[in-house]
Amino acid sequence: MLDSDYSLENYVEDLRAIAAAESDPTKVAEKVKPFAKKLAAAPGWLKDEYRGVNEAQGYGVHLLHEEDNHDLAVFVLTWMPGRGTMPHNHMTWAVVAGIEGQEQETEWNRADDGSKEGYAKLEKVGEHILVPGQVTACKPQDIHSVFNPGTEISISLHTYGRHLNHTGRSEFDPSKDLERPFEVAVSK
Ligand SMILES: [Fe+2]
């Protein structure tokens, strides 16, 4: 099959095969990366509606696929210029592939031991820019924030071991040392 013929359905089949053969989230994400890159490289499947954003949220979250039990969730995320997320974790593996524009990712370390409810001390540890043709992965506990530094929307393909609103994940406000539950508004 030509890479340009690689479809969302093909991708979901590959995700199922990888998840069935491997349970370690870091290894699953590493195996998913080349397939996410391939799907993102030839986005004939990308519908105009996926360019839509939720202005209150600052980005659009478009669900392409999830299993009946919410595993193996595939989304298109569309980032408004100058907007992004607070630092957050995923509590599942994550693979992100650039489709259009730039996505700035800031990585954070957690400096406290997590024992105090609602409290988290974060330290900024790194920053890089994801562009089309690149793919990156996060472990379940990794904390990052995402920002669109450009003047146009940016678009990326996000794949997770489980739909993000079903993992019990958190977002963080480093200016107030807060941790709180994090769900996103999803367009179907
Ligand atoms: Fe994220």
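Here we summarise the structure given alongside this text.

Definitions and limits used
Residues numbered from 1 in each chain as written. Predicted model: local features only at pLDDT ≥ 70, side-chain atom pairs only at ≥ 80, totals over all residues. Heavy atoms only, no water. 1 Å grid on protein atoms, 1.4 Å probe; cavity = no way out; pocket = protein on both sides within 12 Å on 5 of 7 lines; lining within 4 Å. Points joined across faces, edges and corners; volume = space filled by probe spheres on them. Helix = DSSP H or I, 4+ residues; strand = E, 2+ residues; numbered from the N terminus. Nonpolar A, V, L, I, M, F, W, Y, C, P; charged D, E, K, R; others polar. Buried < 20%, exposed > 50% of the residue type's maximum accessible area, 1.4 Å probe, protein only. Polar contact = N/O pair within 3.5 Å; in protein donor to acceptor, adjacent residues only side chain to side chain. Contact = heavy atoms within 4.5 Å.

**Topic: the layout of surface pockets**
Then step 1. Of the pockets and cavities examined, the largest pocket occupies roughly 170 Å³.
Then step 2. The wall of the largest pocket is formed by Asn-89, Met-91, Trp-108, Asn-109, Arg-110, Val-125, Gln-141, Asp-142, Ile-143, Ser-170, Phe-172 and Glu-179.
Then step 3. If one sorts the elements of the lining of the largest pocket by residue count, strand β4 (residues 103–110) sits on top with three residues.
Then step 4. Grouping the constituent residues of the lining of the largest pocket by class yields five nonpolar, four polar and three charged.

**Examining the side chain of Asn-148**
Then step 1. Looking at the secondary structure, you find Asn-148 in the loop between β7 (143–147) and β8 (154–162).
Then step 2. On the accessibility criterion, Asn-148 (0% relative accessible area) is buried.
Then step 3. In terms of polar contacts, Asn-148 uses its side chain to reach the backbone carbonyl oxygen of Glu-152, at 2.9 Å.
Then step 4. Contacts of Asn-148, omitting those with residues within four sequence positions, involve Trp-79, Met-80, Pro-81, Gly-82, Arg-83, Gln-102, Ile-153 and Ser-154.

**So, the environment of Lys-121**
Then step 1. Looking at the element boundaries, Lys-121 is found in the loop between β4 and β5 (122–130).
Then step 2. In sequence terms Lys-121 and Asp-173 are 52 residues apart; their C-alpha atoms lie 9.0 Å from each other.
Then step 3. Contact partners of Lys-121, with chain neighbours within four places excluded, come to Asn-109, Arg-110, Ala-111, Asp-112 and Asp-177.
Then step 4. Looking at Lys-121, its side chain comes within polar contact range of the side chain of Asp-177, at 3.4 Å.

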